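One letter stands for each residue in the lines below.
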Amino acid sequence: QVQLVESGGGLVQPGGSLRLSCAASGFAFSTYAMSWYRQAPGKEREKVATISGGGGTTIYADSVKGRFTISRDNGKYTVYLQMNSLKPEDTAVYYCYVQGSRDYWGQGTQVTVSS
């Protein structure tokens, strides 16, 4: 069955960096676009970034353009989100997502940006 397992979250100071990872299994990883979403307390879940199956196309939310980079390693069935110049408003639970026969989500990883 499809499994998505995020890791790499934590507490970081404003201006710092984190790299999130999402290990996938149970489907033909390289043939599916992958996305990162985030949800802050009291707010709706929002799409942060998407990468095509081959990795050649990436799309970002305006709020993270120029600061976040999505990438993937199809040999390792893993998608990454490199987050630089973090701001307090980036604080959220970050989720990995794939649309297969239905929507699949990971369990989420907490990112807290605070001094």
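Just so you know, these numbers come straight off a predicted model, no measurement behind them. (Residues numbered from 1 in each chain as written. Predicted model: local features only at pLDDT ≥ 70, side-chain atom pairs only at ≥ 80, totals over all residues. Heavy atoms only, no water.)

(A) Structural view of the pattern of salt bridges. Summed over all chains, the structure comprises 4 salt bridges. Arginine 38 serves as the salt-bridge partner of aspartate 90, at 2.9 Å between the closest nitrogen and oxygen. Highlighted residues: aspartate 90 in the loop between strand E8 (78–83) and strand E9 (92–99) and arginine 38 in strand E4 (residues 34–39), separated in sequence by 52 residues. One salt bridge in this structure joins arginine 67 and aspartate 90, with 2.7 Å as the shortest N-O distance. Residue arginine 67 is located in the loop between strand E6 (58–60) and strand E7 (68–73), and its partner aspartate 90 is located in the loop between E8 and E9; the two are separated by 23 residues in the primary sequence. Grouping residues by exposure puts arginine 67 and aspartate 90 together as buried. A network of salt bridges, in which partner residues are shared, links Arg38, Glu46, Arg67 and Asp90. (Salt bridge = Lys/Arg side-chain N within 4 Å of Asp/Glu carboxyl O. Helix = DSSP H or I, 4+ residues; strand = E, 2+ residues; numbered from the N terminus. Buried < 20%, exposed > 50% of the residue type's maximum accessible area, 1.4 Å probe, protein only.)

(B) Just the sheet that holds E7, in detail. Spatially, 4 strands are ordered E1-E3-E8-E7 in an open sheet, and the strand pairing comes out antiparallel. Pairing within the sheet leaves two strands with one partner each, and these edge strands are strand E1 (3–7) and E7. The sheet shows a mean angle of 15° between the axes of neighbouring strands, taken without regard to direction. Where E1 meets strand E3 (residues 18–25), 5 bridges bridge the pair, whose relative direction is antiparallel. Each bridged residue has a counterpart across the sheet, and for glutamate 6 the counterpart in E3 is cysteine 22. (Pairing = 2+ DSSP bridges. Axes fitted to C-alpha atoms, helices over the stretch in contact; angles between N-to-C directions.)

(C) Layout of the pairing of E7. Only one face of E7 is covered, namely the face carrying Phe68, Ile70 and Arg72; the face carrying Thr69, Ser71 and Asp73 is uncovered. With 6 bridges joining them, E7 and E8 adopt antiparallel strand pairing. Across the sheet, residue isoleucine 70 finds its bridge partner in E8, namely leucine 81. What sits between the antiparallel neighbours E7 and E8 is a turn of 4 residues, in which tyrosine 77 has the positive phi angle 50°.

(D) Highlighting the side chain of serine 21. In this structure, serine 21 sits in strand E3. Residue classification places serine 21 among the buried positions, given a relative accessible area of 17%. Setting aside chain neighbours within four positions, we find serine 21 in contact with Val5, Glu6, Ser7, Trp36, Thr78, Val79 and Tyr80. (Contact = heavy atoms within 4.5 Å.)

(E) Summary view of the pairing of strand E5 (residues 46–51). With 5 bridges joining them, E4 and E5 adopt antiparallel strand pairing. Within E5, the position partnered with arginine 38 by the bridge is glutamate 46. Where E4 folds back on E5, the antiparallel hairpin that results is connected by 6 residues, among which glycine 42 adopts a positive phi of roughly 75°. In this structure, E5 lies alongside E6, joined through 3 bridges in antiparallel fashion. In the sheet register, alanine 49 faces E6, and the bridge partner there is tyrosine 60. Counted between consecutive antiparallel strands, the loop separating E5 from E6 contains 6 residues, among which glycine 55 sits at a positive phi close to 90°.

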